[in-house]
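If you want the building blocks of each chain, they are given just below.
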Amino acid sequence: MNRIPQLIVDVYAYFGLHISTDGWLYLFTVISLLAMLGAVSLFISKNVLGPKITRLISLSKAKWDDELHKHRFFRRIAHIATALILYLIVPILLPENERATLFFQKLVIVYLLLSAVGAGSAILNTIESVYNGSLMAQRAPITGFIQVGKLVIVIVALLLIIANLLDKSPLLLLSGLGAITAVLMLVFKDAILGFVAGIQIAANRMLNTGDWIEMPSYGADGTVLQVGLTTVKVQNWDKTISTIPTYALISDSVKNWRGMSESAGRRIKRAINIDIKSIEFCSEEDIEALSKIRHINQYIARKRTELAAYHQDQNIDIQDLVNHRRLTNIGTFRAYLEAYLRHHPKINKEMTLMVRQLPPTATGVPLEIYCFSADKEWINYEGIQADIFDHVMAMLPVFKLRSFQHISDSARI
């Protein structure tokens, strides 16, 4: 008989109790000792070794060990160490009870596998955190692949636990999975679709965390928070969260504003409707007054020279109202707006810039401004756009133009 079992028997004999190593009292004592041993081992690892590990991590300049500590990797390793100690001590405490030894070792193996799952999950979480802090995270998200890794770890651990409890080979269990493939496909349908979609998203850089996307079919319009294995979380501008199936990103229509964010400007494309009745030729008095405007004085001088040369070449008299070419107030206003935008300090002049007429409608002639704001931040962009159209509407009377609007109740009184 080993010394430890004999010591337990001798302790009971000291108190006048005669027990055997295959009796229930001895078994109860062993269970109590195993529980106490496990508790003491965890206490030492958490309260003695834990602070020392934390101190060493705080002195280290590396980031990965901080992330491991944050995700409780070292605490979960302590459970693995405790399981190994218990696995080795069980045969020593139960040398003559093979059935009890086998039973307790099976339980310890289950405990060991569950602890290993926790430690593996902590490692994957650490990899994800370190990756998300790198520049590569801006090119391809890996959350979905991390979740696949966690799922694989759980499945492998589950197979090993079942094989351990049934005393069967894990390979035998894997061969039996073929019979329930259809059921597994149904259970893991979303995970399989999400995994395939994740590969396409990462390979083609279709989406990443931080992107602004619009997906009206799912009520999503905001910033991507997370690209997971089965779902994508989007924080809308009203701070609500929309959850979208990952595979929907490759099967449905998605507008991604990343191109705008990575470009040199954000587009301004807005029109103001001009009342057709206010459009007219400019008189000489009008031209003289408009030529004093700094942005178009050169334009008017150039047009005057161009028109005079045309009339001379075509031998057209200025009294000929049919063939005589003259400046219009809307054309001059359009030239003024284009010059105004080219002198605007917050408009990107290297990108497309134009002021154009759209086809007339029942609400007048749309005069559209098409340019790009150099400031892409939403609030600043809206302010720049509003300032431009404030100026546009305020300058209409200078050119004797009117914007079209329906008659209000106050105008009828």
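Everything numeric in this text was worked out from a predicted model, so none of it was measured.

Caption draft 1: Expanded view of the sheet that holds strand 1 (residues 212–215). Ordered in space as 4-3-2-1-5, the five strands form an open sheet in which the pairing is antiparallel. Only two strands of the sheet have a single neighbouring strand rather than two, namely strand 4 (241–245) and strand 5 (255–256). Note that strand 3 (residues 231–236) and strand 4 share five bridges and pair antiparallel. Among the inter-strand pairings, Thr 231 is bridged to a residue of strand 4, identified as Pro 245.

Caption draft 2: Spatial organisation of the nonpolar core. Among the nonpolar cores identified, the biggest contains 35 residues, and Phe 333, Tyr 336, Ile 388 and Phe 399 are the most heavily contacted of them. If you list the elements that add at least two residues to this core, you get strand 6 (266–274), helix 12 (284–290), helix 13 (297–314), helix 14 (329–342), strand 8 (365–373) and helix 15 (378–395). Top element by residues in this core is helix 14. It accounts for seven residues. Those residues in contact with Phe 333 that lie beyond four places of it in its chain are Leu 367, Val 392, Met 395, Leu 396, Phe 399 and Leu 401. Formed by 15 residues, the second largest nonpolar core is a distinct cluster that contains Val 9, Val 30, Leu 34 and Ala 100.

Caption draft 3: Inspection of the sheet that holds strand 8 at higher detail. Spatially, 6-8-7 is the arrangement adopted by the three strands of the open sheet, whose pairing is antiparallel. For this open sheet the edge positions go to strand 6 and strand 7 (354–357), each flanked by a neighbour on one side alone. The average angle at which neighbouring strand axes cross in this sheet is 20 degrees, direction not considered. Bridge analysis of strand 7 against strand 8 gives four bridges, and the strand direction is antiparallel. When the sheet's bridge partners are listed, Met 354 is paired in strand 8 with Tyr 370. Packed on one face of the sheet, helix 15 meets strand 6 and strand 8 and runs near 25 degrees to strand 6.

Calculation notes
Residues numbered from 1 in each chain as written. Predicted model: local features only at pLDDT ≥ 70, side-chain atom pairs only at ≥ 80, totals over all residues. Heavy atoms only, no water. Pairing = 2+ DSSP bridges. Helix = DSSP H or I, 4+ residues; strand = E, 2+ residues; numbered from the N terminus. Core = buried A, V, L, I, M, F, W, Y, C linked by side-chain atoms within 4.5 Å. Buried < 20%, exposed > 50% of the residue type's maximum accessible area, 1.4 Å probe, protein only. Contact = heavy atoms within 4.5 Å. Axes fitted to C-alpha atoms, helices over the stretch in contact; angles between N-to-C directions.

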